[in-house]
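Examination of the molecular architecture
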Amino acid sequence: MSMAVVGMIAGMALGFAGYFGGFGAFLLVAALGAIGFVVGRFLEGDLEVGDFFRSRDERDRRR
C-alpha cells in the first residue's frame with residue numbers, strides 16, 4: 001500500500017472522528033495514530049529505543 005493511500009485513510013479516520021466525536025475524539029485518534037506509527041516503525045526495525053534518548057549528532061555530546 002502506498003504512503004498516499006495510508007495518508008488518505010488516516011485523514012479520513014481523523015475527519016470522521018472530528019465530525020462525529022468532536023475535537024476530543026479527533027485528538028485521541030491523532031495521538032493513537034502517532035503511537036501506532038512509532039510502534040510500527042520500531043517493530044519493522046526502522047527505529048531503535050536508543051534513538052529517542054540520544055542526540056542526532058554525536059559531536060554534541062563531546063562539548
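The structure under discussion appears in the preceding block.
This structure is a prediction, so every number in the text was calculated from the model and none was measured. (Residues numbered from 1 in each chain as written. Predicted model: local features only at pLDDT ≥ 70, side-chain atom pairs only at ≥ 80, totals over all residues. Heavy atoms only, no water.)

**So, the environment of V29**
In this structure, V29 sits in helix α1 (residues 3-44). You can call V29 partly exposed: its relative accessible area is 31%. C-alpha separation for the pair V29 and F16, spaced 13 residues apart in sequence, amounts to 9.9 Å. Ignoring sequence-local partners within four residues, the contact set of V29 consists of A13, L14 and A17. (Helix = DSSP H or I, 4+ residues; strand = E, 2+ residues; numbered from the N terminus. Buried < 20%, exposed > 50% of the residue type's maximum accessible area, 1.4 Å probe, protein only. Contact = heavy atoms within 4.5 Å.)

**Let's talk about the packing of aromatic side chains**
This model, assessed by the stated rule, comprises three aromatic pairs. Ring plane angle 85 degrees and centroid distance 4.9 Å describe the contact between Y19 and F20, whose orientation is recorded as edge-to-face. A relative accessible area of 67% places Y19 in the exposed class. Its relative accessible area of 63% is what places F20 among the exposed residues. The interplanar angle of 20 degrees and the centroid separation of 6.0 Å between the aromatic rings of F23 and F26 together place this pair among those described as stacked. (Phe/Tyr/Trp six-rings, centres within 6.5 Å; stacked < 30°, edge-to-face > 60°.)

**Some thoughts on α1**
Taking 1.5 Å per residue, 42 residues should reach 62 Å; α1 reaches only 16 Å between its end C-alpha atoms and comes up short. Along α1, the sharpest kink reaches roughly 145 degrees, centred on G21. (Expected span 1.5 Å × (residues − 1). Bend = angle between axes of the 7 residues up to and from the residue.)

Just geometry here; none of it tells us what the structure is for.
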